[in-house]
Amino acid sequence: MNPITNPAVSLFAALALLGGCASVSHRIEQPVEVPEPVPQMTEDSHYEATIERGPEYIDALRAEPAPQRPLVIEGKSERGDQRELASKGFVRIGNGRYATDDAQALREALDLGSRVGADQVWLYHDYPSDDGESTPTRLLAAYYVRFKLLFGATFRNLTAKERESLQLEGGVQIGSVVGGTPASQANLMSGDYVVAVNGMAVADRKQFQEFLSAAAGKAVTLKVIRNQQRADRVVRLGAMPVAIKDP
């Protein structure tokens, strides 16, 4: 994926638009409150929201604060790009559709990207309109925001020896932890054992995944064993917004 490189690049110049390991503790981290979901709203007639979540909800779950100006990228295959971006945690929050592909449309599309808090703007040219008319929409701007991963760590079932040593009937052990994710921010570390979620015992890897998926976008309390000591960790799980429609 490369930044914008087609002839439209010259428009940007003219428009000046591109501008350690912690010890075990029994402290319980406070969960982050996520606002109630409300529809996205904008007075821009070119904008079409693709998720049913407003800016406060989006900001609460984004991986990083919104940039002053989003990264602008020339798209190749709209759906192919979307699939690849989804695998990296990017959610398409909306589209900007313009009947012309000129300096004015480009300026409006990028300004809209900043106003909706997009991390990236993907541009598609000569994009056909959905209404079936012969006149195409000359420019489509797809707006993406990168959301926190649901959990951000790998985990595995406990071995029979581990269960016997810890005197447990089930649980999982944390493997790799990705920095900046919910698991990392909750001070989970590789080697930790998770034995309960919100007071409910974890039987195995499959059940732990089910617990996490069911609580997406919420705070969960994990009972963790580290160095033979038990502690509670409150994890603010990431979430994927509910789509209004498949763009």
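What you see is a predicted model; the values in this text were computed from it and never measured.

**A short note on helix H3 (residues 78–86)**
Argument step 1. Among the residues of H3, those classed as buried are Glu-78, Asp-81 and Leu-85. Looking straight down H3, one finds its buried side chains confined to an arc of 65 degrees; they lie on one side.
Argument step 2. Each element contacted by the buried residues of H3 is listed here: strand E3 (90–98), strand E4 (120–127) and strand E5 (137–146).

**Notes on unusual backbone geometry**
Argument step 1. Its identity as a non-glycine residue notwithstanding, Asn-198 has a phi of 50 degrees, on the positive side.
Argument step 2. Looking at the secondary structure, you find Asn-198 in the loop between strand E8 (193–197) and strand E9 (200–201).
Argument step 3. By relative accessible area, Asn-198 is classed as partly exposed at 43%.
Argument step 4. The phi torsion at Gln-228 lies on the positive side, around 70 degrees, for a residue other than glycine.
Argument step 5. For Gln-228, the position within the fold is in the loop between strand E10 (219–226) and strand E11 (229–236).

**Quick word on the sheet that holds strand E1 (residues 47–49)**
Argument step 1. Ordered in space as E1-E3-E5-E4-E2, the five strands form an open sheet in which the pairing is mixed. With partners counted over all chains shown, the strands left at the sheet margins are E1 and strand E2 (71–74), one partner each. Going across the sheet, the axis of each strand differs from the next one's by a mean of 25 degrees, ignoring polarity.
Argument step 2. Seen against the sheet, H3 touches E3, E4 and E5 and runs at an angle of roughly 165 degrees to E4.
Argument step 3. Along the sheet, helix H4 (residues 103–115) contacts E1, E2, E3, E4 and E5; its crossing angle with E5, the most-contacted strand, is approximately 20 degrees.

**Considerations on the pairing of E10**
Argument step 1. Note that E8 and E10 share four bridges and pair antiparallel. Residue pairing across strands places Tyr-193 opposite Ile-225, the latter belonging to E10.
Argument step 2. As judged from the eight bridges shared by E10 and E11, these two strands associate in the antiparallel manner. Looking across to E11, one finds that Ile-225 is bridged to Arg-230.

**A look at the nonpolar core**
Argument step 1. Among the nonpolar cores identified, the biggest contains 25 residues, and Tyr-47, Ile-93, Tyr-98, Val-116, Val-121, Leu-123 and Tyr-143 are the most heavily contacted of them.
Argument step 2. For this core, the secondary structure elements donating two or more residues are E1, helix H2 (55–61), E3, H4, E4 and E5.
Argument step 3. Broken down by element, this core gets its largest block of residues, five residues, from H4.
Argument step 4. Filtering out sequence-adjacent residues up to four positions away, Val-116 remains in contact with Tyr-47, Ile-93 and Tyr-143.
Argument step 5. With 20 residues, the next largest nonpolar core counts Ala-153, Ile-174, Val-197 and Val-202 among its residues.

**Describing the packing of aromatic side chains**
The description of an aromatic ring pair rests on the distance of the ring centres and on the angle between the ring planes.
Argument step 1. Inspection of every chain in the model, using the stated rule, returns four aromatic pairs.
Argument step 2. Geometrically, the ring pair formed by Phe-151 and Phe-155 is edge-to-face, given 6.0 Å between the ring centres and 75 degrees between the ring planes.
Argument step 3. For Phe-155, a relative accessible area of 9% translates into the label buried.
Argument step 4. On the numbers, 4.8 Å between centres and 80 degrees between planes, the contact of Phe-155 with Phe-208 is edge-to-face. Of this pair, Phe-155 sits in strand E6 (residues 153–157) while Phe-208 is found in helix H7 (residues 205–214), placing the two residues 53 residues apart along the sequence. Both residues of the pair, Phe-155 and Phe-208, count as buried.

About the cut-offs
- Residues numbered from 1 in each chain as written.
- Predicted model: local features only at pLDDT ≥ 70, side-chain atom pairs only at ≥ 80, totals over all residues.
- Heavy atoms only, no water.
- Buried < 20%, exposed > 50% of the residue type's maximum accessible area, 1.4 Å probe, protein only.
- Helix = DSSP H or I, 4+ residues; strand = E, 2+ residues; numbered from the N terminus.
- Arc of directions from axis to C-beta.
- Contact = heavy atoms within 4.5 Å.
- Pairing = 2+ DSSP bridges.
- Axes fitted to C-alpha atoms, helices over the stretch in contact; angles between N-to-C directions.
- Core = buried A, V, L, I, M, F, W, Y, C linked by side-chain atoms within 4.5 Å.
- Phe/Tyr/Trp six-rings, centres within 6.5 Å; stacked < 30°, edge-to-face > 60°.

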